[in-house]
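# Structure assessment
As a plain string of letters, each chain reads:
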Amino acid sequence: AQRVTQPEKLLSVFKGAPVELKCNYSYSGSPELFWYVQYSRQRLQLLLRHISRESIKGFTADLNKGETSFHLKKPFAQEEDSAMYYCALIAAGNKLTFGGGTRVLVKP
Amino acid sequence: NAGVTQTPKFQVLKTGQSMTLQCAQDMNHNSMYWYRQDPGMGLRLIYYSASEGTTDKGEVPNGYNVSRLNKREFSLRLESAAPSQTSVYFCASRLTGEYGYTFGSGTRLTVV
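First, a word on what this report is: a plain description of the structure on this page. (Residues numbered from 1 in each chain as written. Chains lettered and ligands numbered in written order. Predicted model: local features only at pLDDT ≥ 70, side-chain atom pairs only at ≥ 80, totals over all residues. Heavy atoms only, no water.)

### Remarks on the pattern of salt bridges
All names here are of chain B. Stated formally: When a carboxyl oxygen of Asp or Glu is within 4 Å of a side-chain nitrogen of Lys or Arg, the pair counts as a salt bridge. When a residue's accessible area, from a 1.4 Å probe over protein chains only, is under 20% of the maximum for its type it is buried; when over 50% it is exposed; and in between it is partly exposed.
One pass over the full model with this rule turns up six salt bridges over all chains. Among the ionic pairs, Asp38 bridges to Arg36, the shortest N-O distance being 2.8 Å. With relative accessibility at 9%, the residue Arg36 sits in the buried group. Here Asp38 and Arg44 are joined by a salt bridge, their closest N and O atoms 2.9 Å apart. Of the residues examined, Asp38 reaches a relative accessible area of 10% and is grouped as buried.

Right, dumping it as structure tokens:
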């Protein structure tokens, strides 16, 4: 069965500092990996997916199959980045499995 | 284009009461999903419907039932609410062949 682990429940950083959200997964095949973001009291939005290898709002994420990781990074955090971030994967059956989430707090 | 619409947005129930959460999408998506969101546990899949006329259990189906009324609508029913079902419920939909899920704005349910 697939599993997604986000070891940090809370990350608190100062504005302008780098931020890295860790995500590890377990799945025997080749999953599709995503990062979703949820701003305060809003619906979940897709932030990134590994297959597109794009940068959104300054965030990037690289899939490391050897370490089974998909960490999310941003070199200079902004206050508007404060949100809940979820790592997720789609495997067999096209069902999205989420990690436990990491709350990011960017302090001024 | 409203996307995925959930009603109600908030609900308080007493233990043992029943209610139905409604979800509708106007994007002609085939698959629809119900998740619950709990602190530290992320979102967990309750039930899903891969296509009209089919439903399947997810990770945490106990205490819930679903109905895929038509292609647009997918409802979640709590027959006898329990405090453990206090959560935020999200509906989502997806077009077959696409990886992107579209989420609704959620229903915050409190069972006292």
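### Notes on the pairing of strand E5 (residues 42-49) of chain B
Regular strands place their side chains on alternate faces of the sheet. Residue and element names in this part refer to chain B. Convention followed: Under the DSSP-based scheme used, a helix requires at least four consecutive residues in state H or I and a strand at least two consecutive residues in state E, with every element numbered from the N terminus. Strands are treated as partners if at least two bridges between them are detected by DSSP.
Within E5, eight of the eight residues are buried, which leaves the element mostly enclosed by the surrounding structure. Inspection of the sheet shows strand E4 (residues 31-38) paired to E5 by seven bridges, in the antiparallel sense. The partner of Met32 across the bridge, within E5, is Ser49. Hairpin connection of E4 to E5: three residues between the antiparallel strands, including Gly40 at a positive phi of 80°. Remark: six residues form the turn of the hairpin made by E5 and strand E6 (residues 56-57), two consecutive strands paired antiparallel; Gly53 in that turn has positive phi of roughly 95°.

### Let's talk about the state of the cysteines
For clarity, the threshold we go by: Only a pair of cysteine sulfur atoms within 2.5 Å qualifies as a disulfide here.
Throughout the structure, instances matching the rule amount to two disulfides over all chains. A disulfide bridge connects Cys23 of chain A with Cys87 of chain A, and the sulfur atoms are separated by 2.0 Å. Between Cys23 of chain A and Cys87 of chain A the disulfide shows an S-S torsion of about -65°. By sign, it is left-handed. Remark: Cys87 of chain A occurs in strand E9 (residues 83-90) and Cys23 of chain A occurs in the loop between strand E3 (19-21) and strand E4 (24-26); sequence separation between them is 64 residues. On the basis of relative accessibility, which here comes to 0%, the residue Cys23 of chain A falls in the buried class. In this model Cys23 of chain B forms its disulfide with Cys91 of chain B; the gap between the sulfur atoms is 1.9 Å. Between Cys23 of chain B and Cys91 of chain B the disulfide shows an S-S torsion of about -75°. By sign, it is left-handed. With a gap of 68 residues between them, Cys23 of chain B in strand E3 (residues 19-25) and Cys91 of chain B in strand E9 (residues 87-94) connect regions that are remote in the sequence. Accessibility assignment for this pair places Cys23 of chain B and Cys91 of chain B in one class, buried.

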